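Residues per chain, in single letters:
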Amino acid sequence: SQQGEEDPQALSIQEGENATMNCSYKTSINNLQWYRQNSGRGLVHLILIRSNEREKHSGRLRVTLDTSKKSSSLLITASRAADTASYFCATDRSSNTGKLIFGQGTTLQVKP
Amino acid sequence: NAGVTQTPKFQVLKTGQSMTLQCAQDMNHNSMYWYRQDPGMGLRLIYYSASEGTTDKGEVPNGYNVSRLNKREFSLRLESAAPSQTSVYFCASSPRVSNTEAFFGQGTRLTVV
């Protein structure tokens, strides 16, 4: 079964606005990762946050992790039309041997 | 630097036919993975290879076999294709098996009729 559940499934905003996506998971993790997928393309890694970290930044991206609630959020600030894509969280579980398990994704549309 | 290369990009098969999807990475990564992506299902792990010489089942291994031919190459074989295997297949690699990002190929769109 899927490890991550993402919310919302779809999000439509205007350019310049912030976009927030959430991910919940079920088991203990080593880390949680976020990926972007442009239409018809492969996934591109955005950011990795370890289980002992609470917040991480990369450019306009801010990721938080709450291991007590088993949840993470991805914030994209000052969105651009080029941010239009699907965003996936993926968990690297403590009990596994390196399997990355993906959520179902959030489709983000940024209107110019 | 090509990264992860998958061939073919598109394929149409008839039910019962077999085929092999090829994947090669040039980043000297130890671990490689095969995922399938279906609408509304996200990515599901089919098989993975933590290191050269080892392979393990993922979430949805039924109907597939894999071969880690060498450190660079990891192939996925469908012995008898079924319409339920219509999907987009992604190969990925990572430097090691845990606590690291994965690098993805561009995908193979497979249709089984």
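These figures come from a predicted structure and were not determined experimentally.

Residue and element names in this part refer to chain A. Read across the sheet, 5 strands follow the order S1-S3-S8-S7-S6 without closing on themselves; strand pairing throughout is antiparallel. Because the sheet does not close on itself, it has two edges, and the strands there are strand S1 (5–7) and strand S6 (55–58). When the angles between neighbouring strand axes are averaged without regard to direction, this sheet yields 15°. Pairing of strand S7 (residues 61–66) with strand S8 (residues 71–76), which is carried by 6 bridges, proceeds in the antiparallel orientation. Across the sheet, residue Arg 62 finds its bridge partner in S8, namely Leu 75.

Our focus in this paragraph is the packing of aromatic side chains. Residues and elements named next belong to chain B. Using the criterion set out here, one finds 9 aromatic pairs over all chains in the structure. With centroids separated by 6.3 Å and ring planes inclined at 15°, the aromatic side chains of Tyr 33 and Tyr 48 adopt a geometry described as stacked. In this pair, Tyr 33 sits in strand S4 (residues 31–38) while Tyr 48 sits in strand S5 (residues 42–49), placing the two residues 15 residues apart along the sequence. The exposure class assigned to Tyr 33 is buried, which follows from its relative accessible area of 4%. Residue class for Tyr 48 comes out buried when judged on its relative accessible area of 3%.

Note on terminology: a disulfide is the covalent bond linking the sulfur atoms of two cysteines. Residues and elements named next belong to chain A. The final tally for this structure, using the stated rule, is 2 disulfides over all chains. Here Cys 23 is linked by a disulfide to Cys 89, with a sulfur-sulfur distance of 2.0 Å. Handedness of the Cys 23-Cys 89 disulfide follows from its S-S torsion of about 65°: it is right-handed. On the criterion of sequence distance, the pair formed by Cys 23 in strand S3 (residues 19–24) and Cys 89 in strand S9 (residues 85–93) is long-range, its members being 66 residues apart. Cys 89 shares its class with Cys 23; the two are buried.

Residue and element names in this part refer to chain B. The 4 strands are arranged S1-S3-S8-S7 in an open sheet whose pairing can be described as antiparallel. The sheet is open, and its two edges are formed by strand S1 (4–7) and strand S7 (64–68), each paired on a single side. Taken over all neighbouring pairs, the strand axes of this sheet differ in orientation by 15° on average, direction set aside. Pairing of S1 with strand S3 (residues 19–25) involves 4 bridges; the strand directions are antiparallel.

Moving on, we come to the pattern of salt bridges. Should their charged atoms come close, side chains of opposite charge can pair. What the rule picks out here adds up to 6 salt bridges over all chains. Because the salt bridges share partners, they merge into one network encompassing Arg 36, Asp 38 and Arg 44 of chain B.

In this model, the largest pocket occupies a volume close to 490 Å³. As for the largest pocket, its lining consists of 25 residues, of which Gln 37 and Gly 40 of chain A together with Gln 37, Val 88 and Arg 109 of chain B are closest to the centre. Going through the elements one at a time, S9 of chain A together with S4, strand S9 (87–94) and strand S11 (108–112) of chain B are the ones with two or more residues in the lining of the largest pocket. Here the residues of the lining of the largest pocket sort into 7 nonpolar, 14 polar and 4 charged. Lining the second largest pocket are 16 residues, with Gly 42, Leu 43 and Val 44 of chain A together with Phe 104 and Gln 106 of chain B positioned closest to its centre. Within the residue set of the lining of the second largest pocket, elements represented by two or more residues are strand S5 (43–50) of chain A together with strand S10 (103–104) of chain B. In terms of residue count, S5 of chain A provides more of the lining of the second largest pocket than any other element does, 3 residues in total.

Taken as a whole, chain A shows an average pLDDT of 91; of its residues, 92% reach a score of 70 or greater. Within chain A, the lowest mean pLDDT, 86, falls on S1 of chain A, and the highest, 98, falls on S7 of chain A.

Our focus in this paragraph is the nonpolar core. One finds Met 21, Leu 32, Trp 34, Leu 74, Ile 76, Tyr 87 and Leu 108 of chain A to be the most contacted residues of the largest nonpolar core, which totals 21 residues. Sequence-distant contacts of Leu 108 of chain A, that is, excluding residues within four places in its chain, are made with Leu 11, Ile 13, Ala 19, Met 21, Ile 76, Asp 83, Thr 84, Ala 85 and Tyr 87 of chain A. Counting residues in each nonpolar core, the second largest holds 19 residues, with Leu 21, Trp 34, Tyr 64 and Val 66 of chain B among its members.

Rules used throughout
Residues numbered from 1 in each chain as written. Chains lettered and ligands numbered in written order. Predicted model: local features only at pLDDT ≥ 70, side-chain atom pairs only at ≥ 80, totals over all residues. Heavy atoms only, no water. Pairing = 2+ DSSP bridges. Helix = DSSP H or I, 4+ residues; strand = E, 2+ residues; numbered from the N terminus. Axes fitted to C-alpha atoms, helices over the stretch in contact; angles between N-to-C directions. Phe/Tyr/Trp six-rings, centres within 6.5 Å; stacked < 30°, edge-to-face > 60°. Buried < 20%, exposed > 50% of the residue type's maximum accessible area, 1.4 Å probe, protein only. Disulfide = S-S within 2.5 Å. Salt bridge = Lys/Arg side-chain N within 4 Å of Asp/Glu carboxyl O. 1 Å grid on protein atoms, 1.4 Å probe; cavity = no way out; pocket = protein on both sides within 12 Å on 5 of 7 lines; lining within 4 Å. Points joined across faces, edges and corners; volume = space filled by probe spheres on them. Nonpolar A, V, L, I, M, F, W, Y, C, P; charged D, E, K, R; others polar. pLDDT = per-residue confidence, 0-100. Core = buried A, V, L, I, M, F, W, Y, C linked by side-chain atoms within 4.5 Å. Contact = heavy atoms within 4.5 Å.

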